[in-house]
Amino acid sequence: MMEQKNLSGLKREDFQATVQGKKTDLYTLSNASGACVQVCNYGGAIVAIMVPDKDGNYANVIQGFTNIDELVNTEEVFRSTLIGRYGNRICKGKFTMNGKEYSLAQNNGVNHLHGGPTGCHARVWDAEQVNDSELVLRYTFAYYEEGFPGELQMTVKYSWSEDNELTIDYRGTTNKKTIVNMTHHAFFSLTGIANPTPDQLDCELQINADFYLPIDETSIPTGEILKVEGTPFDFRAPKVVGKEINADNEQLKNGAGYDHNYILNKKEPGELSFAAKLKEPKSGRTLETWTTEPGLQFYSGNFLTGVKGQHDATFPKRSGLCFESQHFPDSPNRPYFPSCILKPGQVYTSKTIYKFGAE
């Protein structure tokens, strides 16, 4: 394990602390080639993904952290962490279920974002490293934690394959009717992180979606479902991310770039299918996203501020791209969106695979 750990230069002891009365640690998932993923159980943060480029040179392709203090105290609190119990936005932090209105934190202007200020990104998860390639995290959201009904028991399993595929499996149960929309907010920089990390606008992107959800000026879906065809949001054929990102387009202005939910093309709901592919031209590194989720939030890192990360790397605007597999934003207030309700006796399941390669 030492060899893989030193590939990133991270030290396990730098992530060992007591936070919220619980122990934090750094867990390394590795394969025979030496490629590895490193995860901290604070927020389920992925702090390193070491994969090769087309010439076999390894780099960290995720915007991670050097130590536990940096992770706990970062200004960008959702950077490369698990998100829940509800990922993305809920309009004005309110939704009604069974005739009762629930009020959540308004931590993104007037809206609720990513489970609130003390969502699972800011919690210490119970961790069990099953073997060299598998890590299981568990967290129980208390009844009314961040305003949500129901106690929610969530298990998240990270698996790293011999083919450099990172699978994230979610499984949850509740004792009372609630809403669930888990995701991971990984910021990917296929160039490899650096000081400064270059913007990722030269990357070529394909998204398997004919439709997307337009948003208002507070980033809440308007309720419309629009075709990507003839718009800057059309990535059905591979296109450079930066090609139209600054186009004179109301939707791009509302998101300060891309920060929109794509409705993934599916043969049937819940099937594990291809969602997106990203290719970085210089390194040749590729990233494919596959998911059982109906939606994919593509976020082009528009609000990154240059904050510092691993080994003094910095992360300026648009230096990281996010592919957040999820149910649609504001689903609790849009009955015609796929339901995010979980009832007692049901099991919430979700799977996303990030496949790394080089061409």
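Everything numeric in this text was worked out from a predicted model, so none of it was measured. (Residues numbered from 1 in each chain as written. Predicted model: local features only at pLDDT ≥ 70, side-chain atom pairs only at ≥ 80, totals over all residues. Heavy atoms only, no water.)

Participant: Just to check I follow, could you spell out the pattern of salt bridges for this structure?
Facilitator: When their charged atoms lie close together, side chains carrying opposite charge are able to pair. Counted according to the given criterion, the structure contains 13 salt bridges. Of the charged contacts in the structure, one is a salt bridge between Asp-234 and Arg-236, with a shortest N-O distance of 2.9 Å. As a salt-bridge pair, Asp-312 and Lys-308 come within 3.2 Å of each other at their nearest N and O atoms. Overall, the relative accessible area of 45% leaves Asp-312 in the partly exposed class. (Salt bridge = Lys/Arg side-chain N within 4 Å of Asp/Glu carboxyl O. Buried < 20%, exposed > 50% of the residue type's maximum accessible area, 1.4 Å probe, protein only.)

Participant: When you look at the packing of aromatic side chains in this model, what are you seeing that I'm missing?
Facilitator: Aromatic ring pairs are reported here in terms of the distance separating the ring centres and the angle at which the planes meet. A full pass over the atoms with the stated rule returns 21 aromatic pairs. The interplanar angle of 40° and the centroid separation of 6.4 Å between the aromatic rings of Tyr-212 and Tyr-262 together place this pair among those described as tilted. Taken together, the residues span a long stretch of sequence, with Tyr-212 in strand β19 (residues 209–213) and Tyr-262 in strand β22 (residues 259–264) at a distance of 50 residues. This pair shows no difference in class: Tyr-212 is buried, exactly as Tyr-262 is. Judged by centre distance (6.5 Å) and plane angle (20°), the ring pair of Tyr-299 and Phe-303 falls under stacked. For Tyr-299, a relative accessible area of 8% translates into the label buried. (Phe/Tyr/Trp six-rings, centres within 6.5 Å; stacked < 30°, edge-to-face > 60°. Helix = DSSP H or I, 4+ residues; strand = E, 2+ residues; numbered from the N terminus.)

Participant: How should the sheet that holds strand β12 (residues 126–131) be read in this particular structure?
Facilitator: Strand pairing within a sheet occurs via backbone hydrogen bonds; the two strands may be parallel or antiparallel. Read across the open sheet, the nine strands follow the order β12-β13-β14-β15-β30-β24-β23-β18-β21; overall the sheet is antiparallel. Every other strand in the sheet has two partners, leaving β12 and β21 (239–240) as the edge strands with one partner each. Pairing analysis gives six bridges linking strand β23 (residues 273–279) to strand β24 (residues 285–291), with the strands arranged antiparallel. By the bridge assignment for β24, Leu-278 is matched with Leu-287. (Pairing = 2+ DSSP bridges.)

Participant: Looking at this structure, how should I read the side chain of Lys-239?
Facilitator: The topology assignment puts Lys-239 in strand β21. At a separation of 3.0 Å, a polar atom in the side chain of Lys-239 contacts the main-chain carbonyl oxygen of Asp-234. Look past the residues within four positions of Lys-239 in its chain and what remains in contact with it is Cys-203, Glu-204, Leu-205, Thr-231, Pro-232, Asp-234, Glu-244 and Tyr-258. (Polar contact = N/O pair within 3.5 Å; in protein donor to acceptor, adjacent residues only side chain to side chain. Contact = heavy atoms within 4.5 Å.)

Participant: Just to check I follow, could you spell out a nonpolar patch on the surface for this structure?
Facilitator: Judged by side-chain polarity, Phe-211, Ile-225 and Tyr-336 come together as a nonpolar surface patch covering roughly 280 Å² of accessible area. Assignment of secondary structure puts Ile-225 in the loop between β19 and β20 (226–227). On the basis of relative accessibility, which here comes to 42%, the residue Ile-225 falls in the partly exposed class. (Patch = residues over 30% accessible without salt bridge, like charges linked within 9 Å, V, L, I, M, F, W, Y side chains within 5 Å. Areas by Shrake-Rupley, 256 points an atom, 1.4 Å probe, with all protein chains shown as cover.)

Participant: I tried to follow the nonpolar core on my own but got confused; where do I start?
Facilitator: Among soluble globular proteins, nonpolar side chains are generally buried collectively. The biggest cluster of nonpolar side chains holds 57 residues, and the ones touching the most others in it are Ile-49, Met-154, Tyr-158, Tyr-262, Phe-298, Phe-323 and Phe-356. The contacts of Met-154, once residues within four sequence positions are left out, are Trp-125, Leu-137, Arg-138, Tyr-139, Phe-141, Tyr-170, Arg-171, Gly-172, Val-180, Met-182 and Tyr-348. Ranked by size, the runner-up nonpolar core spans 14 residues in total, among them Phe-65, Ile-68, Leu-71 and Ala-122. (Core = buried A, V, L, I, M, F, W, Y, C linked by side-chain atoms within 4.5 Å.)

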